[in-house]
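# A structural walkthrough
Okay, here's what each chain looks like letter by letter:
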Amino acid sequence: MKKTIFFLAIISLFPPTLKAQTEDSKKTWREEIKQQTTFGGYVVGKASFTDKQSENISTFDLRLIRAYVNGQLWDFKYGLQMEMAGVAGSSAEKGPRVIDAWAEWSRFKFLRIKFGEFKRGFTFENPMNPWDVGFGSNSQAINKLAGMSDRVGEHASGGRDIGLQIQGDLFDSPTTGHSYLHYQLGVYNGQGINHVDENNRKDLIGGIWVSPVKDLCVGAFGWLGDYTKAVNGKDITVDRNRLAFGVKYETAWTVRAEYVMSQGHKISDYTVENGKVCAINGSGKADGWYAMVGAPATKHCKIYAKWDVYRDEKTANSQKSIYAIAINYYFHKNLKLQAEYQFIDDKANTADQYYNIGEIQLYWRF
């Protein structure tokens, strides 16, 4: 009898619904994680044509094939992105590889902390997705001075590096809800994606911009750092000190312009023999700028025009100017066809100074 009373007392402490509630809680927790995680990717195929004598007249190419996962768990956002196009193990390091792998504590709007491999916080255009740039590639100043295919000789890194960044938005508008001020400050290895630090010094990159009205940003960026690479058995370190100023306005219309200047030699400026530096060429200076506008032509079509200039030695005779127009036609929010024409004036290449490029690209997201 005593055993029966004791058994009934134990049952009364754990009602039958408790196990069901526990299972429901586990299920809800798992579903919450699943609902806050998204998988996707995009493909960009390209056909290009040129009358430049030193290049192929026409070619087809899979420019980008990427797959990604983004999500949020409690106060942490995270992202992983893989590049699938290219040849594995190629000297250009453009084969399949990780390009983004980061986590960000984002509990407060005014203070977020991000760690991992991600876009350098330098210029307005560098962090933009290829879908949103408006043209078949980034502007020259972004390619050469923001770590895409950097002039210093760094491997192709897509504007990314490994590091830690803090950022935040302050002073919200009571009418539109947008923030009047954004700041960001990051510490990076300085060697690009998937590479450890080579010189135990870190790059410091920061930016700040104001938004006096919604969709308009006026900002400035700074980059204090260096880059190290072995040349004929000797480690060469070059400075990478840069400033950028820009403005962007994005609604149905797009207006964007930036100026970037750089102080520091390229690795290729150094001549090394028998482990010793014999000569250093070049001015150690470069700059570039672009100005572009995008106008909606129809509900599904937007037309862009751009003036794009880069000077590898910050001199008139090293100037390369591109005058481009691009038509973007959106069949669907995830399917876009882009046709672009470029006229190039490359003063550094007197044998082939003037030439034309035509490109057709198909963008597909999933």
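Residues numbered from 1 in each chain as written. Predicted model: local features only at pLDDT ≥ 70, side-chain atom pairs only at ≥ 80, totals over all residues. Heavy atoms only, no water.

All right, on to the overall build of the protein chain then. Check the secondary structure of the protein chain and you find 4 helices and 18 strands. Out of the 366 residues in the protein chain, the part that is buried amounts to 43%. Sequence separation of at least 24 residues holds for 55% of the intrachain contacts in the protein chain that already meet a minimum separation of 6. For the protein chain, the exposed surface amounts to about 19600 Å²; the carbon and sulfur share of it is 62%. (Helix = DSSP H or I, 4+ residues; strand = E, 2+ residues; numbered from the N terminus. Buried < 20%, exposed > 50% of the residue type's maximum accessible area, 1.4 Å probe, protein only. Contact = heavy atoms within 4.5 Å. Areas by Shrake-Rupley, 256 points an atom, 1.4 Å probe, with all protein chains shown as cover.)

Below, the discussion takes up the pattern of salt bridges. A full pass over the atoms with the stated rule returns 23 salt bridges. The salt bridge involving Glu 55 is made with Lys 52; its shortest N-O contact spans 3.5 Å. Taking the relative accessible area as the measure of exposure, Lys 52 reaches 12% and is therefore buried. A salt bridge links Glu 250 to Lys 302; the shortest N-O distance between them is 3.5 Å. Here Lys 302 lies in strand β15 (residues 301–311) and Glu 250 lies in strand β10 (residues 234–250), a separation of 52 residues in the sequence. The buried category is assigned to Lys 302, whose relative accessible area is 9%. Within this structure, Arg 120, Asp 150, Glu 154, Asp 161, Asp 203, Arg 240 and Arg 242 form a network of salt bridges that share partners. (Salt bridge = Lys/Arg side-chain N within 4 Å of Asp/Glu carboxyl O.)

Bridge analysis of strand β8 (residues 203–210) against strand β9 (residues 216–231) gives 7 bridges, and the strand direction is antiparallel. Within the sheet, the bridge partner assigned to Val 210 lies in β9 and is Val 218. The antiparallel hairpin formed by β8 and β9 contains 5 residues in its connecting segment, where Asp 215 sits at a positive phi of about 80°. Bridge count for β9 against β10 is 16 bridges, and the pairing is antiparallel. From the neighbouring strand, Cys 217 faces β10, where its bridge partner is Lys 248. In this structure, the hairpin formed by β9 and β10 is closed by a connection of 2 residues, where Asn 232 is found at a positive phi of approximately 50°. (Pairing = 2+ DSSP bridges.)

Here the focus is the nonpolar core. Counting 29 residues, the largest nonpolar core has Phe 122, Phe 135, Phe 221 and Val 260 as its most contacted members. The set of elements that each furnish at least two residues to this core consists of α4 (140–145), β8, β9, β14 (285–296), β15, β16 (319–332) and β18 (354–365). When neighbours within four sequence positions are excluded, Phe 135 is seen to be in contact with Met 292, Tyr 304, Ala 305, Lys 306, Ala 324, Ile 325, Ala 326, Gln 338, Glu 340 and Tyr 363. Core analysis: the second largest hydrophobic core is formed by 8 residues, Val 152, Tyr 227, Ile 267 and Tyr 270 among them. (Core = buried A, V, L, I, M, F, W, Y, C linked by side-chain atoms within 4.5 Å.)

Moving on to the environment of Ser 321. Inspection of the secondary structure puts Ser 321 in strand β16. Given a relative accessible area of 2%, Ser 321 falls into the buried group. The spacing of Ser 321 and Tyr 354 is 33 residues in sequence and 9.9 Å in space, taken between C-alpha atoms. If we ignore the near neighbours within four places in the chain, the residues touching Ser 321 are Asp 308, Val 309, Phe 343, Ile 344 and Asp 345.

Take the packing of aromatic side chains next. Following the criterion strictly, the structure yields 17 aromatic pairs and no others. Clustering of aromatic rings is evident, with ring pairs tying together Phe 122, Phe 124, Trp 209, Phe 221 and Trp 223. Above the face of the Trp 131 ring, Lys 336 is positioned so that its terminal group lies 5.1 Å from the ring centre. (Phe/Tyr/Trp six-rings, centres within 6.5 Å; stacked < 30°, edge-to-face > 60°. Lys NZ or Arg CZ within 6 Å of the ring centre and 35° of its normal.)

This part is about a nonpolar patch on the surface. A surface patch of nonpolar side chains, amounting to about 670 Å² of accessible area, comprises Ile 113, Phe 115, Leu 164, Ile 166, Leu 185, Val 187, Leu 204 and Leu 224. Breaking the nonpolar patch down by element, the ones donating at least two residues are β5 (111–119), β6 (160–172) and β7 (179–188). With respect to the secondary-structure elements, Ile 113 resides in strand β5. Relative accessible area serves as the criterion here: at 33%, Ile 113 is assigned to the partly exposed category. (Patch = residues over 30% accessible without salt bridge, like charges linked within 9 Å, V, L, I, M, F, W, Y side chains within 5 Å.)

Further remarks concern unusual backbone geometry. Most peptide bonds adopt trans geometry, and most residues besides glycine take a negative phi value. The phi dihedral of Phe 171 is positive, around 60°, even though this residue is not glycine. According to the relative accessible area criterion, Phe 171 is exposed, its value standing at 57%. Of note, the phi angle at Asn 200 is positive, near 60°, even though the residue is not glycine. As for its placement among the helices and strands, Asn 200 is situated in the loop between β7 and β8.

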